[in-house]
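Breakdown of the fold
Given next are the chains, with one letter for each unit.
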Amino acid sequence: MTISVAERAELRSAVRELLGDRCTEDHVRGVMASDDGFDRDLWRQLAEQGLLGMLVDDELGGLGFGALELEAVAEETGAALLPAPFISSAVLTVALISAAGSDEDKRRLLPGLAAGAAIGTVAVTGQSGTWTAEGVDVEAGADGTLTGAAHYVTWGQAADVLLVVARTSDGVGIFEVAPDATGFTRTAVTVFDPTVRLSTFTFAATPARRLGTAGWDAVQEALDYAVIASAGEQVGGSRRLFDITVDYLKTRVQFGRQIGSFQALKHMAADLLIEVENATSAAQHAAAEKAALSETSDGAVALAGFACAEAYETVAMNAIQMHGGIGFTWEHPAHLFLRRARTGLQLFGGPRLHRERYLVSKGA
């Protein structure tokens, strides 16, 4: 279901209001240092607003929205630097169950994810971190048990719906593993960005249940939604940091003048605005193409995958420089945005993979 532009604006406004109250910079700093890494009460409120079930059909307790609504909401979560398994659970896991699961799988798993009662994650890639079928390191035996390791699993420690992409004798399959399954170990890893938790999953003859018969195409479909959500967050984060920087340029005085009046800083700000606007166009175009089931959606999603991630890092790096000495201190929020930007350069494929996919979509 796609809603009108006006309704989408109202949705964004509601999310912005909630996160403005409950996800301030102080809140983010406090939560990211906690054991869970996210605020479970805020998670419950996100569920009450329907945000965790955006991609879940309404008959299963969701809103039945699509890519356009997802991207719009993600811009607000990115602007607030929401530290929560939103993309991991409400996007990647939900989209994969929708693409690969049977009707029974959907009835069993999706309502709990939409209500926030369960948290999901998907173990996709091996240590190479390529996020491709060739990069899958977990293997499924003929008896359905899993062996191997998956790396860069988003919010793996918090999740209780665990999906694993594994090699089988007939290609790639999607498997569900119980949190207490024998031979299964999950280990939290040290992260550069504490607002996005990562884990390593290891399997030693671990019993698993295959979801449907789908292969890598279903995984790629779910990854497309994760890339669109990530692009939205990158746009929201870069725009928010740009606004913070412009406000600083208007108020900081040196040599008796606002530093925003200096020509060099004007040029830098203009360049950053172009980065933000280009990224916004790429993210929103990708969402529109996906929502329309366009034949060119692969290229649009790939374009957003590298354009938005790179723009975010560019804005973050320059914002720190434009703030001068204060920008280089940990107390300034620019560093939180930079860390999120750097994380986005690695997850769900990274710019190199997305560029290659974009060229393939163009027949290059």
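Everything numeric here is computed off the predicted structure, so don't read it as measured data.

To continue, consider the overall build of the protein chain. For the protein chain, the count of helices and strands is eleven helices and ten strands. In terms of overall dimensions, the protein chain is globule-like: its C-alpha atoms have a radius of gyration of 20 Å, near the 21 Å expected for 364 residues. Referenced to the eigenvectors of the C-alpha coordinate spread, the extents of the protein chain come out at roughly 75 × 45 × 40 Å. Evaluated residue by residue, the protein chain yields a buried proportion of 55% over its 364 residues. Here the protein chain contributes 29 positive and 46 negative side-chain charges, whose respective centroids are spaced 6 Å apart.

The next subject is the pairing of strand β3 (residues 145-154). Summarising the sheet, strand β2 (residues 139-140) and β3 pair through two bridges and their orientation is antiparallel. The partner of A140 across the bridge, within β3, is L146. Connecting the antiparallel pair β2 and β3 is a turn made up of four residues, with G144 showing a positive phi of about 85°.

Glancing now at the domain arrangement of the protein chain. Reports often express the size of an interface as the amount of accessible area lost when the parts come together. Segmenting the protein chain into domains produces domain 1 (5-115), domain 2 (120-215) and domain 3 (217-362). Between the C-alpha centres of domain 1 and domain 2 the distance comes to 22 Å. If you look at the interface, domain 1 gives 24 residues, while domain 2 gives 17 residues. Summed over both partners, the interface of domain 1 with domain 2 comes to about 1,700 Å²; 64% of that surface belongs to carbon and sulfur atoms. Interface area lost by domain 1 to domain 2 is led by M32, L96 and A100, which between them contribute 26%. Our count for the domain 1 to domain 2 interface comes out at three salt bridges. With a closest N to O distance of 3.4 Å, R209 and E104 form a salt bridge. Counting every contact that joins domain 1 to domain 2 gives twelve residue pairs in polar contact (both at pLDDT 80 or more). Every element with two or more residues in the side of domain 1 that touches domain 2 is listed here: α2 (25-32), α5 (86-100) and α6 (103-115). Broken down by element, the side of domain 1 that touches domain 2 gets its largest block of residues, eight residues, from α5.

Packed helices, taken two at a time, are described by the angle their axes make and the gap between the axes. Taken N-terminus to C-terminus, the directions of helix α9 (residues 297-322) and helix α10 (residues 334-344) make an angle of 155°; their axes are 9 Å apart at the nearest point. When the axis of α9 is compared with that of α10, the two are roughly antiparallel. The two elements α9 and α10 meet at a crossing, and its hand is left-handed. Only A334, H335, F337, L338, R340, A341, R342 and G344 of α10 make contact with α9, whose side of the interface consists of A309, Y312, E313, A316, M317 and I320. Here the residues of the contact of α9 with α10 sort into nine nonpolar, two polar and three charged.

Attention now moves to the packing of helix α4 (residues 67-79) against helix α7 (residues 216-251). Relative orientation of the contacting elements α4 and α7 amounts to 40°, with a least axis distance of 6 Å. Judged by the angle between their axes, α4 and α7 are oblique. For the crossing formed where α4 meets α7, the hand is right-handed. Contacts between α4 and α7 involve A67, L70, E71, A74, E75, T77, G78 and A79 on the former and, on the latter, Y225, I228, A229, G232, E233, V235, G236, G237 and R240.

Another point: the side chain of D105. As for its position among the elements, D105 is in helix α6. Taking relative accessible area as the criterion, D105 reaches 1% and is therefore assigned buried. A distance of 2.8 Å separates the side chain of D105 from the side chain of R209, its partner in a polar contact. For D105, the contacting residues outside a window of four places in its chain are I97, L110, R209, L211 and G212.

Here we take up α6. For α6, spanning 13 residues, the distance from its first C-alpha to its last is 18 Å, which sits close to the expected 18 Å at 1.5 Å a residue. Of all the bends in α6, the greatest reaches close to 30° and is centred on L109; the proline P111 follows between one and four positions later. Looking only at α6, the buried set comprises D105, L109, L110, L113 and A114. As for α6, its buried residues are in contact with α3 (40-48), α5, β1 (120-123), β4 (161-168), β5 (171-177) and β8 (209-210). One or two steps after α6, the chain reaches G116, where phi turns positive at roughly 80°.

Calculation notes
- Residues numbered from 1 in each chain as written.
- Predicted model: local features only at pLDDT ≥ 70, side-chain atom pairs only at ≥ 80, totals over all residues.
- Heavy atoms only, no water.
- Helix = DSSP H or I, 4+ residues; strand = E, 2+ residues; numbered from the N terminus.
- Rg over C-alpha atoms; globule rule 2.2 N^0.38 Å.
- Buried < 20%, exposed > 50% of the residue type's maximum accessible area, 1.4 Å probe, protein only.
- Lys, Arg positive; Asp, Glu negative; His and termini not counted.
- Charge placed at Lys NZ, Arg CZ, Asp CG, Glu CD.
- Pairing = 2+ DSSP bridges.
- Domains from an automatic or database assignment.
- Contact = heavy atoms within 4.5 Å.
- Buried area = accessible area lost by both parts, 1.4 Å probe.
- Salt bridge = Lys/Arg side-chain N within 4 Å of Asp/Glu carboxyl O.
- Polar contact = N/O pair within 3.5 Å; in protein donor to acceptor, adjacent residues only side chain to side chain.
- Axes fitted to C-alpha atoms, helices over the stretch in contact; angles between N-to-C directions.
- Parallel < 35°, antiparallel > 145°, perpendicular 65-115°, else oblique.
- Left-handed = near helix turned anticlockwise from the far one by under 90°.
- Nonpolar A, V, L, I, M, F, W, Y, C, P; charged D, E, K, R; others polar.
- Expected span 1.5 Å × (residues − 1).
- Bend = angle between axes of the 7 residues up to and from the residue.

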